[in-house]
Amino acid sequence: MRRRIVAGNWKMHGSVAENTTLVDKLLQGFPADAGADCYVCPPFVYLRGVARQLDGSAIRVGAQDASAEIQGAYTGEVAAGMLADVGCSAVIVGHSERRTLHHDSDQLVARKFMAVQAAGLTPILCVGEQLGQRESKQTEQVVGRQLDAVLDLVGVAALGKAILAYEPVWAIGTGRTATPQQAEDVHHFIRKRIAALDGKIAGLVPVLYGGSVKAANAGELFAMPNVDGGLIGGASLNAEEFLAILQAART
Ligand code: PGA
């Protein structure tokens, strides 16, 4: 049975005071037997504080990005090793906002994936198509290309220690969720593509759905056979909502 995972991507939100309150509420409401792995991914500057507050709990801390470089003269960048040093256990790579707004190419995302694993952390690799690409029936081509860039660089075995997230760009922050069947179709495609290389890894790698997931739609999405949990943006900033999504991920 694949692990169920719910990860909260806080994006560029929060403050010390707001994060402390949010994490307090998560800790208070967190079930003893969550039945799913849980991550929160605050902005870089808050990682250490949040990691300390969560120390000893079952909630893990992830970052939203990492440099592809190990260390050196890269002003403004943060190395994966530094993220490990401050208590992270996972890093999101290839989020659509990085790909679109910061021009992270498929190849750069692949190098970030490799750097994250080299630091002993779990990459959460995001893939997903834009609305125009879906409408012109290019979803599989785009998602396949994004996935292949990583497979070409690190090999299929590396996916055995990774998490994937399918996030259709048109569903992110828009309130327009993919239907459970639309999500399932792409998740199935992703798993099939990995299975062509290694059936065992394909069966093991968790594939999360992301894009306007909330408590009201999480259950039907997570009920699909190839949807192993969610990467949650907006709804992860609300403790009650996020805990309800976690509850929906119970197997
Ligand atoms: P959303 O964001 O849940 O606010 O749509 C998801 C994401 O960007 O990871």
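As a starting point, this report considers the structure included with it. (Residues numbered from 1 in each chain as written. Predicted model: local features only at pLDDT ≥ 70, side-chain atom pairs only at ≥ 80, totals over all residues. Heavy atoms only, no water.)

**Focus on the nonpolar core**
Inclusion rule: Residues belong to one nonpolar core when they are buried, are Ala, Val, Leu, Ile, Met, Phe, Trp, Tyr or Cys, and are joined through side-chain atoms within 4.5 Å. Three exposure classes are used, based on accessible area relative to the maximum for each residue type with a 1.4 Å probe and protein chains only: buried under 20%, partly exposed in between, and exposed over 50%. Note on definitions: a residue-residue contact is assigned when non-hydrogen atoms from the two residues lie within 4.5 Å.
In this structure, L125, L164, I190, I194, Y209 and F222 are the most contacted members of the largest nonpolar core, which totals 67 residues. Look past the residues within four positions of I190 in its chain and what remains in contact with it is V127, V143, L147, L164, Y166 and V207. If you look at the next biggest cluster of nonpolar residues, it comprises 12 residues, including Y39, I124, I163 and L231.

**Remarks on the layout of surface pockets**
By rolling a water-sized probe across the atoms, one finds the places where empty space is left. Note the cut-off: Only protein atoms enter the 1 Å grid, on which a cavity is a set of points fitting a 1.4 Å probe that cannot get out and a pocket is an open set with protein on both sides within 12 Å along at least 5 of 7 lines, lining residues being those with an atom within 4 Å of a point. Grid points are joined across faces, edges and corners, and a volume is the space filled by probe spheres set on the points. Only DSSP runs of H or I reaching four residues or more are called helices, and only runs of E reaching two or more are called strands; each is numbered from the N terminus. Think of it as three bins: nonpolar holds Ala, Val, Leu, Ile, Met, Phe, Trp, Tyr, Cys and Pro, charged holds Asp, Glu, Lys and Arg, and polar takes everything else, Gly as well.
Considered as a void within the structure, the largest pocket measures approximately 500 Å³ in volume. What lines the largest pocket is a set of 22 residues, and nearest its centre among them are K11, M12, Q64, D65 and R98. In terms of residue count, helix 4 (residues 96-101) provides more of the lining of the largest pocket than any other element does, three residues in total. Its residues placed into classes, the lining of the largest pocket shows nine nonpolar, eight polar and five charged. Lining the second largest pocket are 18 residues, and of these G173, S212, V213, G233 and G234 lie nearest its centre. Counted by class, the lining of the second largest pocket contains five nonpolar, 10 polar and three charged residues.

**Some points on the side chain of Q146**
Its place among the elements puts Q146 in helix 7 (residues 139-154). Q146 sits in the buried class, given a relative accessible area of 5%. If sequence neighbours within four positions are ignored, Q146 has contacts with R99, D106, V127 and G128.

**Points about helix 10 (residues 215-222)**
Definition in use: In this context, the arc is that of the directions from the helix axis out to the C-beta atoms.
Here helix 10 has its buried residues at N217, A218, L221 and F222. Projected down its long axis, helix 10 shows its buried positions confined to an angular sector of 130°, all on one face. For helix 10, the elements touching its buried residues are strand 1 (5-9), helix 8 (180-195), strand 7 (207-210), strand 8 (229-232) and helix 11 (239-248).

**Describing the side chain of R2**
For the record, the criterion: Polar contacts, as used here, are pairs of N or O atoms within 3.5 Å; protein pairs need one atom able to donate a hydrogen and one able to accept it. Residues neighboring in sequence count only if both atoms are side-chain atoms.
In this fold, R2 is placed in the segment before strand 1. A distance of 3.1 Å separates a polar atom in the side chain of R2 from the backbone oxygen of G203. Of note is the side chain of R2, whose polar atom sits 3.0 Å from the side chain of D228.

**Focus on helix 2 (residues 47-54)**
For helix 2, the set of buried residues is L47, V50, A51 and L54. Seen end-on, helix 2 carries its buried residues on one side only, within an arc spanning 100°. Structurally, helix 2 contributes buried residues whose contacts are with helix 1 (16-29), strand 2 (37-41), strand 3 (59-63) and helix 3 (80-85). One or two steps after helix 2, the chain reaches G56, where phi turns positive at roughly 85°.

**Side note on the packing of helix 10 against helix 11**
Quick reminder of the rule: A fitted line through C-alpha atoms serves as each axis, taken over the contacting stretch for helices, and the angle formed by two N-to-C directions is quoted from 0 to 180°. Note that the term roughly parallel is reserved for angles under 35 degrees, roughly antiparallel for angles over 145, roughly perpendicular for angles of 65 to 115, and oblique for everything else. For any helix crossing, the convention is left-handed if the near helix is rotated counterclockwise from the far helix by under a right angle, and right-handed if that rotation is clockwise.
For the pair helix 10 and helix 11, the least separation of the axes is 9 Å and the interaxial angle reads 20°. What the angle tells us is that helix 10 and helix 11 run roughly parallel. Of the two possible hands of crossing, helix 10 and helix 11 adopt the one that is right-handed. Taking contact as the criterion, the partners of A215, A218, G219 and F222 in helix 10 are, on helix 11, E241, A244, I245 and A248. Each residue belonging to the contact of helix 10 with helix 11 can be placed in one class, and the counts come to six nonpolar, one polar and one charged.

**Re the pairing of strand 1**
As a reminder of what qualifies: Only strands that DSSP links by at least two bridges are regarded as paired with each other.
The buried fraction of strand 1 amounts to five of the five residues, a majority that puts the element mostly inside the structure. Burial along strand 1 is two-sided: I5, A7 and N9 facing one way and V6 and G8 facing the other are all buried. With four bridges connecting them, strand 1 and strand 8 associate as parallel partners. If you follow A7 over to strand 8, its bridge partner there is L231.

**Some remarks on the environment of N9**
By the element assignment, N9 lies in strand 1. Among the residues examined, N9 registers a relative accessible area of 5% and is labelled buried. With 31 residues separating them along the chain, N9 and V40 place their C-alpha atoms 6.4 Å apart. Ignoring any residue separated from it by four or fewer positions in sequence, one finds N9 in contact with C41, Q64, I92, H95, L231, I232, G233 and S236.

That's the geometry; what it means functionally is another story.
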